[in-house]
Amino acid sequence: MAQPSTISPATLLKDELDIVIPTIRNLDFLEMWRPFFQPYHLIIVQDGDPSKTIKVPQGFDYELYNRNDINRILGPKSSCISFKDSACRCFGYMVSKKKYIYTIDDDCFVAKDPSGKDINALEQHIKNLLSPSTPFFFNTLYDPYRDGADFVRGYPFSLREGVPTAVSHGLWLNIPDYDAPTQLVKPLERNSRYVDAIMTIPKGTLFPMCGMNLAFNRELIGPAMYFGLMGDGQPIGRYDDMWAGWCTKVICDHLGLGVKTGLPYIWHSKASNPFVNLKKEYKGIYWQEELIPFFQSVTLPKDCTTVQQCYIEISKQVKAKLSKVDDYFNKLADAMVTWIEAWDELNPSGAKSTPK
């Protein structure tokens, strides 16, 4: 039988988790998160003009990196970190020394559950990460490890231990995470549906990963969480988290790790401009029709046993198969290699990217 969650809500993993926030503005939004975030260490990645001062409310333990810091720390390899795009958040993943990461956007507020109680999104993410996933066989009662649930009749006993959970993908009330064409045809649509469910995304199934309410086990999957080349000087934007999600899911499937989606919800407060979004997404909307079949067909050799080895292999296949779509993918493939080199330099105890 699945064991009900017995994790204490009292400041879970206080010394093992960093909260990564990309921003261009003062972080007043942290005030409402204070009851939940204050015990944790924050890594703030300042995008845009590095001469601008970002104000952080008093009482938070944080370190802040701007573009000058990124250039200083990574040197020439800083070219792999996007500029003028929230994709810069992945620099925070690289410099963190903690086992777990939670990343949230600065327009995401505390949501309420149907009873009106504030949702501690971070606590739920941690519970998701600390309980197993079931990617090899779908449980129709969703997450069997939650209180009040279990494996249903017919679920193989040999699979009931599950596998380690690498990613916890949370959702959003109010403003849904829509692409620009959907925003344009549904400008007033708001998500008010609170679905009390968590599920493991099955092996072999890709999903659109949103980076605004996301947690992951950095030790299990960190090097795959590269948010690509987006924003300033690039032909595409708003596909940073998508790219990371596709790469991560392929690698999780290969290494036998799990990805959960569902709870927790945050309140997404602000709709971005659909016309600006369309300009950023325009090429991606076309390209994704070739990118998805590419990722669905990616196979990784058995001798790829680390995340770094898997990621380098994907970069080779990106160069070989996607460069015909656009020369941008040659550049992206090179940046993927640079990212892994930079990750290994800053995290020398981790497994290296070169197969033995």
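Under an unreviewed UniProt entry, the name given to the chain is UDP-arabinopyranose mutase, and the source organism is Hibiscus sabdariffa. As its UniProt record puts it under Sequence similarities (unreviewed entry), the chain is described as follows: "Belongs to the RGP family." As recorded by UniProt, the Catalytic activity (unreviewed entry) comment attached to the chain reads in full: "UDP-beta-L-arabinofuranose = UDP-beta-L-arabinopyranose".

Secondary structure summary: the chain contains 10 helices and 9 strands in total. Taking 2.2 N^0.38 as the reference for a compact globule, 356 residues should give roughly 21 Å; the C-alpha atoms of the chain span a radius of gyration of 20 Å, in line with that estimate. Each of the three principal axes of the chain carries a C-alpha extent, and together these read 50 × 50 × 45 Å. Counting over 356 residues, the chain shows a buried share of 54%. A separation threshold of at least 6 residues defines the contact pool for the chain, and within that pool the share at least 24 residues apart is 75%. Just so you have it, the chain exposes about 16000 Å², and 54% of that area is on carbon and sulfur atoms.

A word on the packing of aromatic side chains. Counting across every chain of the model gives 22 aromatic pairs. Considering the side-chain rings of tryptophan 33 and phenylalanine 36, the 6.3 Å spacing of their centres and the 65° angle between planes classify their relative orientation as edge-to-face. A residue pair is termed a helical-turn pair when its members lie 3 or 4 positions apart in one helix, as tryptophan 33 and phenylalanine 36 do in helix H1 (residues 30–37) at 3 residues. Residue classification places tryptophan 33 among the buried positions, given a relative accessible area of 0%. Relative to phenylalanine 329, the ring of tyrosine 328 lies with its centre 5.2 Å away and its plane at 75°, an arrangement referred to as edge-to-face. Comparing tyrosine 328 with phenylalanine 329, the two get one shared label, buried.

In this model helix H10 (residues 328–346) runs 27 Å from its N-terminal to its C-terminal C-alpha over 19 residues, within 8% of the 27 Å that 1.5 Å per residue would give. Within the sequence span of H10, burial applies to Tyr328, Phe329, Leu332, Ala333, Ala335, Met336, Thr338, Trp339, Ile340, Ala342, Trp343 and Asp344. Here the buried face of H10 lies against helix H2 (67–74), helix H3 (90–95), helix H6 (218–221), helix H7 (240–255), helix H8 (274–297) and helix H9 (307–322).

Turning our attention to a nonpolar patch on the surface. A cluster of nonpolar side chains, contributed by Leu184, Val185 and Phe275, occupies part of the molecular surface with about 320 Å² of accessible area. Turning to its location among the elements, phenylalanine 275 is positioned in helix H8. Take phenylalanine 275: its relative accessible area is 60%, and that puts it in the exposed class.

Here the amide bond leading from leucine 263 into proline 264 is cis, since omega sits at 10°, within 30 degrees of zero. Take proline 264: it is sitting in strand E9 (residues 258–268). Phi angles above zero are rare outside glycine, and lysine 84 is one such case at about 60°. When you line up the elements, lysine 84 lands in the loop between H2 and H3. Relative accessible area serves as the criterion here: at 53%, lysine 84 is assigned to the exposed category. The phi dihedral of asparagine 174 falls on the positive side, at around 80°, and the residue is not glycine. On the basis of relative accessibility, which here comes to 12%, the residue asparagine 174 falls in the buried class.

Basis of the calculations
Residues numbered from 1 in each chain as written. Predicted model: local features only at pLDDT ≥ 70, side-chain atom pairs only at ≥ 80, totals over all residues. Heavy atoms only, no water. UniProt positions renumbered as here; feature names shortened; annotations may be inferred. Helix = DSSP H or I, 4+ residues; strand = E, 2+ residues; numbered from the N terminus. Rg over C-alpha atoms; globule rule 2.2 N^0.38 Å. Buried < 20%, exposed > 50% of the residue type's maximum accessible area, 1.4 Å probe, protein only. Contact = heavy atoms within 4.5 Å. Areas by Shrake-Rupley, 256 points an atom, 1.4 Å probe, with all protein chains shown as cover. Phe/Tyr/Trp six-rings, centres within 6.5 Å; stacked < 30°, edge-to-face > 60°. Expected span 1.5 Å × (residues − 1). Patch = residues over 30% accessible without salt bridge, like charges linked within 9 Å, V, L, I, M, F, W, Y side chains within 5 Å. Salt bridge = Lys/Arg side-chain N within 4 Å of Asp/Glu carboxyl O.

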